[in-house]
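Observations on chain architecture
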Amino acid sequence: MATALIGGLCESNFDPAQLYVADPDNEKIRTLVASFGINSCANNQSLVELSDVIVLAVKPQVMKSVLQSLLIKNGQLLLSIAAGLRCDSLQSWLGEECAIVRSMPNTPALVQCGATGLYANKKVSDQQRQQAEQIMSAVGMTIWVEQETQLDTVTAVSGSGPAYFFYMMEAIEAAGIELGLSVETSRALTLQTALGAAKLAIEAEESTAQLRARVTSPGGTTEAAINTMQSHQGLDSIKQAVNAAYKRSQTLAIELADS
Ligand SMILES: NC(=O)c1ccc[n+]([C@@H]2O[C@H](COP(=O)([O-])OP(=O)(O)OC[C@H]3O[C@@H](n4cnc5c(N)ncnc54)[C@H](OP(=O)(O)O)[C@@H]3O)[C@@H](O)[C@H]2O)c1
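Worth saying up front: this structure is predicted, and the values here are computed from it rather than measured.

This paragraph deals with the overall build of the chain. Of the regular secondary structure elements, the chain holds 12 helices and seven strands. Put simply, the chain has 259 residues, and 36% of those count as buried. Considering only intrachain contacts with a sequence separation of at least 6, the fraction spanning at least 24 residues in the chain is 54%. Looking at the chain as shown, the accessible area adds up to about 15,500 Å², and 57% of this sits on carbon and sulfur atoms. In the chain, 17 positive and 26 negative side-chain charges are present, and the distance between their average locations comes to 4 Å.

Given below as structure tokens:
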């Protein structure tokens, strides 16, 4: 995810000389420096000493040990991309109050087509909000939420969301093969249809429900398909799935805080 952010920033004309990276793996650092022309630091604390904004891009399970060994200065912004770690936990591991923006990106960030939810705690200034937004915008669209708990909903909708669409694509692709198409043809048609549907929904003025109704002629093939999905609680099961992700996001945050 950090590599995607660095790549996105460099592509959006952010000066690579202003970017620093620290990682325990020297080989990874060498690759990043060679690929993007950014700078490296020998360890996390030397990076912190040079930075206005510190992007926390480690796995949630190692965040506690990383933060406990850092000394943050007043005026610095911490931008966490770690799933499920609440500001309270980050603050308690740092041992002091500081400006924190929590973000929830998703995997399409890897192709600069991500959707990221952002939340700022009370210590974050307007300028720091802009800095956080600039960084996360490098890998796609960003949306601010006012309550930290709304990040659990963002996690359920867009964080886990790519998997819901992959699941649907998986099913359509398999059905196409079962009905006689080659693997390549079924895959190509499925993926292009997913892309086209998303593009149309983004560009159209109608709601997704209206768009669906427009392609569903009475007595036609789409109606036959939609009726079958409805009879298997299609819409309801997707809503229940999003709810399950939301509840899991809440419990994960509690588990991670206690870890
Ligand atoms: N991937 C996603 O789609 C996604 C979506 C939303 C949020 N996130 C969040 O993004 C964060 C990173 O995820 P990822 O998938 O990019 O994980 P990742 O590929 O494992 O990247 C984490 C990086 O942190 C390095 N690291 C480990 N310990 C460190 C330390 N003490 N100091 C500095 N660097 C250290 C790791 O190095 P080693 O490999 O050498 O240990 C690795 O390069 C996670 O918190 C995750 O929750 C990811």
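From this point, things continue past the structure.
On to the site of the ligand, then. With respect to spatial proximity, 18 residues lie near the ligand, and among them M1, D23, K28, V58 and T107 are the closest. Note that a nitrogen atom of the ligand is positioned 2.9 Å from one of the side-chain N or O atoms of N44. Interatomic distance of 3.3 Å between a side-chain N/O atom of K59 and an oxygen atom of the ligand. For the ligand, the accessible surface in isolation is 880 Å², of which the surrounding protein chains cover 69%. Here the residues of the shell around the ligand sort into 12 nonpolar, two polar and four charged.

Let us look at helix 8 (residues 161-178). Across its 18 residues, helix 8 extends 26 Å between first and last C-alpha, which sits within 8% of the 26 Å expected from 1.5 Å per residue. Those residues of helix 8 not exposed but buried are G161, P162, M169, E173 and G176. All buried residues of helix 8 fall inside an arc of 95 degrees around its axis, so they share one side. Structural note: helix 8 exposes Y167, E170 and E178 on the side pointing more than 90 degrees away from its buried face.

Now for the domain arrangement of the chain. Along its sequence, the chain is organised into domain 1 (2-151) and domain 2 (161-253). Once you take the C-alpha centre of each, domain 1 and domain 2 turn out to be 33 Å apart. Buried area between domain 1 and domain 2, both sides added, is near 400 Å², and the carbon and sulfur share of it is 54%. Linking domain 1 to domain 2 there are zero salt bridges. At the junction of domain 1 and domain 2, the tally comes to zero residue pairs in polar contact (both at pLDDT 80 or more). Here the side of domain 1 that touches domain 2 is composed, by residue class, of one nonpolar, four polar and one charged.

The next subject is the layout of surface pockets. A water-sized probe rolled over the atoms picks out the places where empty space is left. Here the second largest pocket defines a volume of roughly 1,200 Å³. As for the second largest pocket, its lining consists of 38 residues, and the residues nearest its centre are Y20, V21, A22, L47 and V55. Taken together, the residues of the lining of the second largest pocket sort by class into 27 nonpolar, eight polar and three charged.

In this section: the pattern of salt bridges. Tallied over the full model, the rule gives six salt bridges. R214 is the salt-bridge partner of E206, the closest N and O atoms lying 2.1 Å from each other. Overall, R214 belongs to the exposed group, its relative accessible area being 56%.

Moving on, we get to helix 2 (residues 26-36). For an α-helix, 3.6 residues make a turn, and residues three or four places apart therefore share a direction. Two or three places before E27, at the opening of helix 2, D25 has a side-chain oxygen 3.0 Å from that residue's backbone nitrogen. With its phi angle positive at about 70 degrees, G37 sits one or two positions after the end of helix 2.

As a further point, take the nonpolar core. I54, M63, L67, I72, L78, L85 and L90 are the most contacted members of the largest nonpolar core, which totals 26 residues. It is helix 5 (residues 87-94) that provides the largest number of residues to this core, a total of four residues. Ignoring sequence-local partners within four residues, the contact set of L67 consists of L56, L90, W93 and L94. Residues L5, V53, L77 and V124 belong to the second largest nonpolar core, which totals 25 residues.

What counts, and at which threshold
Residues numbered from 1 in each chain as written. Predicted model: local features only at pLDDT ≥ 70, side-chain atom pairs only at ≥ 80, totals over all residues. Heavy atoms only, no water. Helix = DSSP H or I, 4+ residues; strand = E, 2+ residues; numbered from the N terminus. Buried < 20%, exposed > 50% of the residue type's maximum accessible area, 1.4 Å probe, protein only. Contact = heavy atoms within 4.5 Å. Areas by Shrake-Rupley, 256 points an atom, 1.4 Å probe, with all protein chains shown as cover. Lys, Arg positive; Asp, Glu negative; His and termini not counted. Charge placed at Lys NZ, Arg CZ, Asp CG, Glu CD. Near = heavy atom within 4 Å. Polar contact = N/O pair within 3.5 Å; in protein donor to acceptor, adjacent residues only side chain to side chain. Nonpolar A, V, L, I, M, F, W, Y, C, P; charged D, E, K, R; others polar. Expected span 1.5 Å × (residues − 1). Arc of directions from axis to C-beta. Domains from an automatic or database assignment. Buried area = accessible area lost by both parts, 1.4 Å probe. Salt bridge = Lys/Arg side-chain N within 4 Å of Asp/Glu carboxyl O. 1 Å grid on protein atoms, 1.4 Å probe; cavity = no way out; pocket = protein on both sides within 12 Å on 5 of 7 lines; lining within 4 Å. Points joined across faces, edges and corners; volume = space filled by probe spheres on them. Core = buried A, V, L, I, M, F, W, Y, C linked by side-chain atoms within 4.5 Å.

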